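# Structure assessment
Residues per chain are reported as follows:
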Amino acid sequence: MDRIVVLPGDGIGPEVTRQAQRVLEAVAGKHDILNLKFEEALIGGASIDAKGTPLGDDVVELCRESRAILLGAVGGPKWDDMPVDTRPEKGLLGIRKALGLFANLRPAQVFSALKDASSLRPEVVDGIDMLVVRELTGGIYFGEPREIDRSGPVRKAINAMVYDENEIARICRIAFEAARGRRKHLTQVHKANVLEVSQLWMEVCDEVAKDYPDVELAHQLVDSCAMLLLKEPNRFDVIVTGNLFGDILSDEAAMITGSLGMLPSASLAEGGLGLYEPVHGSAPDIAGQDLANPLAAIMSAAMLLEHSFSAFDAANEIRDAVSSVLDAGHRTGDIVLPGEDRPTIGCVEMGDKVLEALGS
Ligand code: IPM
Ligand code: MG
(Lines give C-alpha, C1' and ligand atoms only; values in the text may rest on other atoms or scores of the structure.)
(Ligands and ions follow the chains in the order given, each with its own letter.)
Protein backbone atom coordinates (compact mmCIF):
# COMPACT_ATOMS: atom_id res chain seq x y z
CA MET A 1 0.00 0.00 0.00
CA ASP A 2 1.47 3.34 -1.03
CA ARG A 3 0.54 6.25 1.16
CA ILE A 4 -0.20 9.60 -0.42
CA VAL A 5 -0.54 12.48 2.00
CA VAL A 6 -3.10 15.06 0.91
CA LEU A 7 -2.53 18.58 2.22
CA PRO A 8 -5.57 20.54 1.01
CA GLY A 9 -4.53 23.79 2.72
CA ASP A 10 -6.57 26.97 2.29
CA GLY A 11 -8.96 28.76 -0.06
CA ILE A 12 -9.70 26.68 -3.15
CA GLY A 13 -7.04 24.12 -2.09
CA PRO A 14 -9.54 21.63 -0.57
CA GLU A 15 -11.89 21.83 -3.58
CA VAL A 16 -9.25 21.21 -6.20
CA THR A 17 -7.36 18.48 -4.32
CA ARG A 18 -10.66 16.62 -3.80
CA GLN A 19 -11.12 16.41 -7.57
CA ALA A 20 -7.47 15.40 -8.08
CA GLN A 21 -7.89 12.64 -5.49
CA ARG A 22 -11.04 11.35 -7.24
CA VAL A 23 -9.10 11.17 -10.49
CA LEU A 24 -6.20 9.33 -8.82
CA GLU A 25 -8.59 6.85 -7.26
CA ALA A 26 -10.27 6.23 -10.59
CA VAL A 27 -7.00 5.72 -12.44
CA ALA A 28 -5.61 3.51 -9.66
CA GLY A 29 -8.76 1.38 -9.95
CA LYS A 30 -7.88 0.70 -13.59
CA HIS A 31 -4.16 0.00 -13.11
CA ASP A 32 -3.63 -2.68 -10.49
CA ILE A 33 0.03 -1.72 -10.09
CA LEU A 34 -1.28 1.27 -8.14
CA ASN A 35 -2.44 0.54 -4.61
CA LEU A 36 -2.98 3.98 -3.15
CA LYS A 37 -4.00 4.97 0.34
CA PHE A 38 -4.79 8.60 1.05
CA GLU A 39 -4.25 10.36 4.34
CA GLU A 40 -5.22 13.99 4.91
CA ALA A 41 -3.29 16.47 7.06
CA LEU A 42 -3.20 20.19 7.76
CA ILE A 43 -0.95 22.89 6.34
CA GLY A 44 -1.03 26.69 6.08
CA GLY A 45 -3.84 28.77 7.53
CA ALA A 46 -5.95 25.68 8.25
CA SER A 47 -3.13 24.40 10.44
CA ILE A 48 -2.64 27.80 12.11
CA ASP A 49 -6.33 27.83 13.06
CA ALA A 50 -6.30 24.29 14.40
CA LYS A 51 -2.84 23.99 15.90
CA GLY A 52 -1.32 27.47 16.09
CA THR A 53 1.42 26.66 13.57
CA PRO A 54 1.43 26.59 9.75
CA LEU A 55 3.21 23.22 9.69
CA GLY A 56 3.24 20.68 12.52
CA ASP A 57 6.23 18.37 13.06
CA ASP A 58 3.80 15.43 12.95
CA VAL A 59 2.78 16.46 9.43
CA VAL A 60 6.41 16.64 8.30
CA GLU A 61 6.96 13.13 9.70
CA LEU A 62 3.81 11.79 8.03
CA CYS A 63 4.99 13.22 4.69
CA ARG A 64 8.50 11.86 5.15
CA GLU A 65 7.08 8.36 5.50
CA SER A 66 4.80 8.66 2.48
CA ARG A 67 5.37 7.91 -1.17
CA ALA A 68 4.09 11.28 -2.42
CA ILE A 69 2.28 14.41 -1.30
CA LEU A 70 -0.60 16.16 -3.02
CA LEU A 71 -0.98 19.78 -1.94
CA GLY A 72 -3.69 22.35 -2.68
CA ALA A 73 -2.71 25.92 -1.81
CA VAL A 74 -1.96 28.00 1.26
CA GLY A 75 -2.76 31.53 2.42
CA GLY A 76 -5.62 34.00 2.49
CA PRO A 77 -6.67 37.42 3.77
CA LYS A 78 -7.52 36.01 7.18
CA TRP A 79 -3.83 35.51 7.94
CA ASP A 80 -2.38 38.39 5.88
CA ASP A 81 -1.60 40.60 8.86
CA MET A 82 0.48 37.98 10.61
CA PRO A 83 4.27 38.37 10.75
CA VAL A 84 6.07 36.71 7.80
CA ASP A 85 7.53 34.11 10.11
CA THR A 86 4.21 32.61 11.21
CA ARG A 87 2.10 33.05 8.08
CA PRO A 88 0.55 30.17 6.08
CA GLU A 89 3.26 30.54 3.39
CA LYS A 90 5.80 29.54 6.00
CA GLY A 91 4.14 26.11 6.04
CA LEU A 92 4.80 25.66 2.35
CA LEU A 93 8.38 26.94 2.54
CA GLY A 94 8.88 24.81 5.66
CA ILE A 95 7.78 21.57 4.06
CA ARG A 96 9.90 22.21 0.95
CA LYS A 97 12.94 22.74 3.13
CA ALA A 98 12.24 19.97 5.66
CA LEU A 99 11.78 17.35 2.93
CA GLY A 100 14.62 18.65 0.75
CA LEU A 101 12.31 19.23 -2.24
CA PHE A 102 14.93 21.14 -4.21
CA ALA A 103 13.80 20.45 -7.77
CA ASN A 104 10.65 22.26 -8.79
CA LEU A 105 9.33 21.33 -12.24
CA ARG A 106 6.75 23.66 -13.74
CA PRO A 107 5.68 22.67 -17.23
CA ALA A 108 3.82 25.28 -19.26
CA GLN A 109 1.95 24.01 -22.28
CA VAL A 110 -0.85 25.31 -24.40
CA PHE A 111 -3.81 23.05 -24.94
CA SER A 112 -4.92 23.56 -28.50
CA ALA A 113 -8.50 24.20 -27.36
CA LEU A 114 -7.29 27.10 -25.20
CA LYS A 115 -4.87 28.99 -27.37
CA ASP A 116 -7.34 31.85 -27.70
CA ALA A 117 -7.45 32.20 -23.89
CA SER A 118 -3.98 33.77 -23.78
CA SER A 119 -3.61 37.53 -23.77
CA LEU A 120 -0.99 37.01 -26.49
CA ARG A 121 -1.96 36.43 -30.11
CA PRO A 122 -2.81 32.77 -30.87
CA GLU A 123 -0.03 32.49 -33.46
CA VAL A 124 2.53 33.56 -30.83
CA VAL A 125 1.17 31.12 -28.29
CA ASP A 126 0.55 28.14 -30.55
CA GLY A 127 2.79 25.21 -29.67
CA ILE A 128 4.25 26.58 -26.43
CA ASP A 129 5.77 23.66 -24.57
CA MET A 130 8.31 24.61 -21.95
CA LEU A 131 9.48 23.42 -18.59
CA VAL A 132 10.69 25.79 -15.89
CA VAL A 133 13.10 24.01 -13.54
CA ARG A 134 13.28 26.14 -10.42
CA GLU A 135 15.68 25.58 -7.52
CA LEU A 136 13.37 25.45 -4.52
CA THR A 137 15.27 25.12 -1.25
CA GLY A 138 18.01 27.73 -1.52
CA GLY A 139 18.75 31.24 -2.70
CA ILE A 140 17.24 34.39 -1.28
CA TYR A 141 14.20 32.54 0.08
CA PHE A 142 16.33 30.83 2.72
CA GLY A 143 19.62 32.81 2.87
CA GLU A 144 21.00 34.19 6.12
CA PRO A 145 21.17 36.79 7.49
CA ARG A 146 17.54 37.82 7.18
CA GLU A 147 15.88 40.45 9.28
CA ILE A 148 14.25 43.84 9.57
CA ASP A 149 16.50 45.89 11.81
CA ARG A 150 14.39 48.46 13.66
CA SER A 151 17.03 49.36 16.24
CA GLY A 152 18.52 52.42 14.54
CA PRO A 153 17.02 55.76 13.48
CA VAL A 154 16.43 54.31 10.00
CA ARG A 155 14.73 50.92 9.57
CA LYS A 156 16.81 48.55 7.50
CA ALA A 157 16.08 45.10 6.09
CA ILE A 158 18.30 42.39 4.69
CA ASN A 159 17.96 39.12 2.78
CA ALA A 160 20.86 37.20 1.31
CA MET A 161 21.01 35.26 -1.95
CA VAL A 162 23.26 32.31 -1.19
CA TYR A 163 24.05 29.24 -3.31
CA ASP A 164 26.88 26.78 -3.07
CA GLU A 165 28.19 24.92 -6.10
CA ASN A 166 26.58 21.61 -5.07
CA GLU A 167 23.12 23.12 -4.90
CA ILE A 168 23.63 24.64 -8.35
CA ALA A 169 25.08 21.50 -9.91
CA ARG A 170 22.28 19.18 -8.74
CA ILE A 171 19.48 21.36 -10.08
CA CYS A 172 21.37 21.87 -13.35
CA ARG A 173 21.67 18.09 -13.71
CA ILE A 174 17.92 17.71 -13.28
CA ALA A 175 17.40 20.34 -15.98
CA PHE A 176 19.89 18.78 -18.41
CA GLU A 177 18.27 15.36 -17.91
CA ALA A 178 14.85 16.88 -18.58
CA ALA A 179 16.12 18.64 -21.69
CA ARG A 180 17.65 15.38 -22.92
CA GLY A 181 14.19 13.80 -22.84
CA ARG A 182 12.65 16.75 -24.67
CA ARG A 183 13.90 19.06 -27.44
CA LYS A 184 17.47 19.15 -26.03
CA HIS A 185 17.62 22.87 -25.42
CA LEU A 186 18.36 24.40 -22.02
CA THR A 187 18.32 28.09 -21.07
CA GLN A 188 20.07 29.01 -17.85
CA VAL A 189 18.62 32.26 -16.49
CA HIS A 190 20.77 34.61 -14.44
CA LYS A 191 21.72 38.18 -13.58
CA ALA A 192 25.47 37.72 -13.94
CA ASN A 193 26.02 41.32 -15.06
CA VAL A 194 25.27 42.32 -11.45
CA LEU A 195 25.25 39.32 -9.11
CA GLU A 196 28.19 37.14 -8.06
CA VAL A 197 25.72 34.35 -7.26
CA SER A 198 24.71 34.33 -10.93
CA GLN A 199 28.34 34.24 -12.03
CA LEU A 200 28.78 31.06 -10.01
CA TRP A 201 25.59 29.61 -11.52
CA MET A 202 27.03 30.19 -15.01
CA GLU A 203 30.37 28.64 -14.15
CA VAL A 204 28.87 25.55 -12.54
CA CYS A 205 26.23 25.13 -15.24
CA ASP A 206 28.97 25.20 -17.91
CA GLU A 207 30.86 22.50 -15.99
CA VAL A 208 27.77 20.27 -15.75
CA ALA A 209 27.13 20.88 -19.47
CA LYS A 210 30.28 18.88 -20.33
CA ASP A 211 28.36 15.73 -19.35
CA TYR A 212 25.53 16.65 -21.72
CA PRO A 213 27.13 17.41 -25.10
CA ASP A 214 23.84 16.50 -26.81
CA VAL A 215 22.00 19.36 -25.07
CA GLU A 216 22.36 22.87 -26.42
CA LEU A 217 22.91 25.33 -23.55
CA ALA A 218 22.17 29.07 -23.66
CA HIS A 219 22.61 31.64 -20.90
CA GLN A 220 19.99 34.37 -20.70
CA LEU A 221 19.75 37.43 -18.46
CA VAL A 222 16.59 37.30 -16.37
CA ASP A 223 15.23 40.66 -17.55
CA SER A 224 15.66 39.80 -21.19
CA CYS A 225 14.22 36.32 -20.54
CA ALA A 226 11.09 37.95 -19.10
CA MET A 227 10.83 39.96 -22.30
CA LEU A 228 11.51 37.05 -24.66
CA LEU A 229 8.87 34.94 -22.92
CA LEU A 230 6.31 37.45 -24.14
CA LYS A 231 7.87 38.02 -27.55
CA GLU A 232 8.81 34.50 -28.63
CA PRO A 233 7.68 31.98 -26.00
CA ASN A 234 8.16 29.19 -28.51
CA ARG A 235 11.93 29.46 -28.47
CA PHE A 236 12.08 28.01 -24.94
CA ASP A 237 12.33 24.33 -24.14
CA VAL A 238 13.76 23.90 -20.62
CA ILE A 239 14.62 26.87 -18.40
CA VAL A 240 16.76 26.41 -15.27
CA THR A 241 17.15 29.09 -12.63
CA GLY A 242 17.27 29.92 -8.94
CA ASN A 243 14.43 30.18 -6.48
CA LEU A 244 13.43 33.84 -6.88
CA PHE A 245 13.81 34.16 -10.65
CA GLY A 246 12.02 30.82 -11.02
CA ASP A 247 9.10 32.01 -8.92
CA ILE A 248 8.60 35.03 -11.13
CA LEU A 249 9.26 33.45 -14.53
CA SER A 250 7.05 30.43 -13.83
CA ASP A 251 4.05 32.68 -13.18
CA GLU A 252 4.79 34.52 -16.41
CA ALA A 253 5.18 31.28 -18.38
CA ALA A 254 1.96 29.96 -16.87
CA MET A 255 -0.05 33.05 -17.68
CA ILE A 256 0.95 33.23 -21.33
CA THR A 257 -0.60 29.79 -21.77
CA GLY A 258 -3.96 31.33 -20.90
CA SER A 259 -4.70 30.64 -17.24
CA LEU A 260 -2.80 30.00 -14.06
CA GLY A 261 -5.64 27.57 -13.38
CA MET A 262 -4.15 25.01 -15.77
CA LEU A 263 -0.58 24.62 -14.57
CA PRO A 264 0.70 21.73 -12.43
CA SER A 265 4.01 21.33 -10.64
CA ALA A 266 6.25 18.73 -9.05
CA SER A 267 8.81 19.33 -6.32
CA LEU A 268 11.27 16.48 -5.97
CA ALA A 269 13.82 15.50 -3.35
CA GLU A 270 16.94 13.38 -3.72
CA GLY A 271 15.82 9.82 -3.03
CA GLY A 272 12.53 10.17 -4.84
CA LEU A 273 10.01 11.80 -2.50
CA GLY A 274 7.80 14.24 -4.40
CA LEU A 275 5.24 16.92 -3.61
CA TYR A 276 2.72 17.86 -6.28
CA GLU A 277 0.71 21.05 -6.34
CA PRO A 278 -1.03 23.40 -8.74
CA VAL A 279 1.01 26.53 -9.49
CA HIS A 280 -2.01 28.74 -8.73
CA GLY A 281 -2.63 30.04 -5.23
CA SER A 282 -5.54 29.77 -2.81
CA ALA A 283 -7.80 32.25 -4.72
CA PRO A 284 -9.75 33.29 -1.59
CA ASP A 285 -12.15 35.41 -3.69
CA ILE A 286 -13.72 32.32 -5.24
CA ALA A 287 -13.09 29.78 -2.46
CA GLY A 288 -15.93 27.57 -1.31
CA GLN A 289 -18.21 28.50 -4.22
CA ASP A 290 -17.47 25.60 -6.54
CA LEU A 291 -15.97 28.01 -9.07
CA ALA A 292 -12.33 26.89 -9.04
CA ASN A 293 -10.62 25.14 -11.94
CA PRO A 294 -9.39 21.74 -10.70
CA LEU A 295 -7.38 20.94 -13.85
CA ALA A 296 -4.02 22.16 -12.48
CA ALA A 297 -4.48 19.93 -9.43
CA ILE A 298 -5.63 17.05 -11.65
CA MET A 299 -2.58 17.44 -13.85
CA SER A 300 -0.42 17.64 -10.73
CA ALA A 301 -1.86 14.21 -9.93
CA ALA A 302 -0.67 13.09 -13.38
CA MET A 303 2.82 14.38 -12.53
CA LEU A 304 2.61 12.42 -9.26
CA LEU A 305 1.93 9.20 -11.12
CA GLU A 306 4.74 9.91 -13.56
CA HIS A 307 7.47 10.98 -11.13
CA SER A 308 6.65 9.06 -7.94
CA PHE A 309 5.29 5.85 -9.50
CA SER A 310 6.77 5.80 -13.03
CA ALA A 311 3.16 5.15 -14.09
CA PHE A 312 3.55 6.88 -17.44
CA ASP A 313 0.51 5.32 -19.10
CA ALA A 314 -1.75 6.30 -16.22
CA ALA A 315 -0.34 9.84 -16.26
CA ASN A 316 -0.93 10.14 -20.00
CA GLU A 317 -4.48 8.88 -19.65
CA ILE A 318 -5.18 11.76 -17.28
CA ARG A 319 -3.62 14.31 -19.62
CA ASP A 320 -5.54 12.93 -22.59
CA ALA A 321 -8.75 13.04 -20.57
CA VAL A 322 -8.15 16.70 -19.68
CA SER A 323 -7.41 17.50 -23.29
CA SER A 324 -10.60 15.84 -24.53
CA VAL A 325 -12.70 17.60 -21.88
CA LEU A 326 -11.32 20.93 -23.14
CA ASP A 327 -11.82 19.92 -26.78
CA ALA A 328 -15.45 19.15 -25.94
CA GLY A 329 -15.77 22.78 -24.82
CA HIS A 330 -16.17 22.36 -21.07
CA ARG A 331 -14.94 25.45 -19.24
CA THR A 332 -14.59 26.75 -15.73
CA GLY A 333 -14.88 30.54 -15.46
CA ASP A 334 -11.13 31.21 -15.72
CA ILE A 335 -10.75 29.55 -19.13
CA VAL A 336 -13.78 30.81 -20.99
CA LEU A 337 -12.59 32.11 -24.33
CA PRO A 338 -13.42 35.61 -25.51
CA GLY A 339 -16.67 35.43 -27.47
CA GLU A 340 -17.59 31.98 -26.15
CA ASP A 341 -21.07 32.18 -24.70
CA ARG A 342 -21.56 28.68 -23.39
CA PRO A 343 -22.40 28.20 -19.72
CA THR A 344 -19.42 27.55 -17.47
CA ILE A 345 -19.23 24.58 -15.15
CA GLY A 346 -18.03 24.33 -11.54
CA CYS A 347 -15.12 22.58 -9.91
CA VAL A 348 -16.98 19.34 -9.11
CA GLU A 349 -18.55 19.11 -12.56
CA MET A 350 -15.16 19.62 -14.19
CA GLY A 351 -13.92 16.71 -12.06
CA ASP A 352 -16.94 14.68 -13.23
CA LYS A 353 -16.12 15.44 -16.87
CA VAL A 354 -12.53 14.26 -16.47
CA LEU A 355 -13.74 11.07 -14.77
CA GLU A 356 -16.20 10.48 -17.61
CA ALA A 357 -13.45 10.99 -20.17
CA LEU A 358 -11.37 8.44 -18.27
CA GLY A 359 -14.27 6.04 -18.64
CA SER A 360 -14.91 5.92 -14.90
C1 IPM B 1 4.97 29.53 -5.48
C2 IPM B 1 4.42 30.53 -4.51
C3 IPM B 1 5.23 30.46 -3.22
C4 IPM B 1 6.66 30.81 -3.56
C5 IPM B 1 4.68 31.33 -2.10
C6 IPM B 1 3.24 31.01 -1.78
C7 IPM B 1 5.52 31.24 -0.85
O8 IPM B 1 4.42 31.79 -5.06
O9 IPM B 1 4.96 28.32 -5.17
O10 IPM B 1 5.41 29.93 -6.56
O11 IPM B 1 7.02 31.99 -3.64
O12 IPM B 1 7.44 29.89 -3.77
MG1 MG C 1 4.99 31.83 -7.12
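Residues numbered from 1 in each chain as written. Chains lettered and ligands numbered in written order. Predicted model: local features only at pLDDT ≥ 70, side-chain atom pairs only at ≥ 80, totals over all residues. Heavy atoms only, no water.

The next subject is the overall build of the protein chain. Scanning the protein chain from N- to C-terminus turns up 12 helices and 12 strands. Against the globule reference of 21 Å for 360 residues, the protein chain gives a C-alpha radius of gyration of 20 Å, in line with a compact fold. For the protein chain, the C-alpha atoms occupy an extent of roughly 55 × 50 × 45 Å along the three principal directions. Burial status across the protein chain gives 54% buried among its 360 residues. Within the protein chain, counting contacts between residues at least 6 apart in sequence, those at least 24 apart form 76% of the total. In the protein chain, 35 positive and 56 negative side-chain charges are present, and the distance between their average locations comes to 1 Å. (Helix = DSSP H or I, 4+ residues; strand = E, 2+ residues; numbered from the N terminus. Rg over C-alpha atoms; globule rule 2.2 N^0.38 Å. Buried < 20%, exposed > 50% of the residue type's maximum accessible area, 1.4 Å probe, protein only. Contact = heavy atoms within 4.5 Å. Lys, Arg positive; Asp, Glu negative; His and termini not counted. Charge placed at Lys NZ, Arg CZ, Asp CG, Glu CD.)

As a further point, take the state of the cysteines. What the rule picks out here adds up to zero disulfides. No disulfide involves Cys172; its nearest neighbouring cysteine sulfur is the one of Cys205, lying 3.8 Å away. For Cys172, a relative accessible area of 0% puts it in the buried group. (Disulfide = S-S within 2.5 Å.)

With that settled, the discussion passes to the site of ligand 1. By nearness alone, every residue bordering ligand 1 is listed as Glu89, Arg96, Arg106, Arg134, Tyr141 and Asp247. Arg96 places a polar side-chain atom, nitrogen or oxygen, 2.7 Å from an oxygen atom of ligand 1. A total of 320 Å² of accessible area belongs to ligand 1 in isolation, and the protein chains cover 76% of it. Both domains that furnish three or more residues to the shell around ligand 1 are identified here as domain 1 (1-109 + 260-360) and domain 2 (129-255). (Near = heavy atom within 4 Å. Polar contact = N/O pair within 3.5 Å; in protein donor to acceptor, adjacent residues only side chain to side chain. Areas by Shrake-Rupley, 256 points an atom, 1.4 Å probe, with all protein chains shown as cover. Domains from an automatic or database assignment.)

A full pass over the atoms with the stated rule returns one cavity of 30 Å³ or more. In this structure, the largest cavity spans a volume of roughly 90 Å³. Lining the largest cavity are 14 residues; nearest its centre among them are Met161, Tyr163, Trp201, Gly242 and Phe245. Of the residues in the lining of the largest cavity, the class split is eight nonpolar, six polar and no charged. (1 Å grid on protein atoms, 1.4 Å probe; cavity = no way out; pocket = protein on both sides within 12 Å on 5 of 7 lines; lining within 4 Å. Points joined across faces, edges and corners; volume = space filled by probe spheres on them. Nonpolar A, V, L, I, M, F, W, Y, C, P; charged D, E, K, R; others polar.)

A word on the packing of aromatic side chains. Evaluated as defined, the whole model comprises two aromatic pairs. Taking 5.2 Å as the distance between ring centres and 85° as the angle between the ring planes, the aromatic pair formed by Tyr163 and Trp201 counts as edge-to-face. With Tyr163 in the loop between strand 7 (156-158) and helix 6 (165-180) and Trp201 in helix 7 (residues 196-209), the pair connects residues that are 38 residues apart, well separated along the chain. Overall, the relative accessible area of 10% leaves Tyr163 in the buried class. Taking 4.9 Å as the distance between ring centres and 10° as the angle between the ring planes, the aromatic pair formed by Phe176 and Tyr212 counts as stacked. In this pair, Phe176 is assigned in helix 6 and Tyr212 in the loop between helix 7 and strand 9 (216-221), connecting sequence segments 36 residues apart. When sorted by exposure, Phe176 lands in the same class as Tyr212, which is buried. Positioned above the aromatic ring of Phe102 is the side chain of Arg170, whose terminal nitrogen or guanidinium carbon lies 4.0 Å from the ring centre. Here Arg235 stacks its cationic end above the ring of Phe236, 5.9 Å away from the centre of that ring. (Phe/Tyr/Trp six-rings, centres within 6.5 Å; stacked < 30°, edge-to-face > 60°. Lys NZ or Arg CZ within 6 Å of the ring centre and 35° of its normal.)

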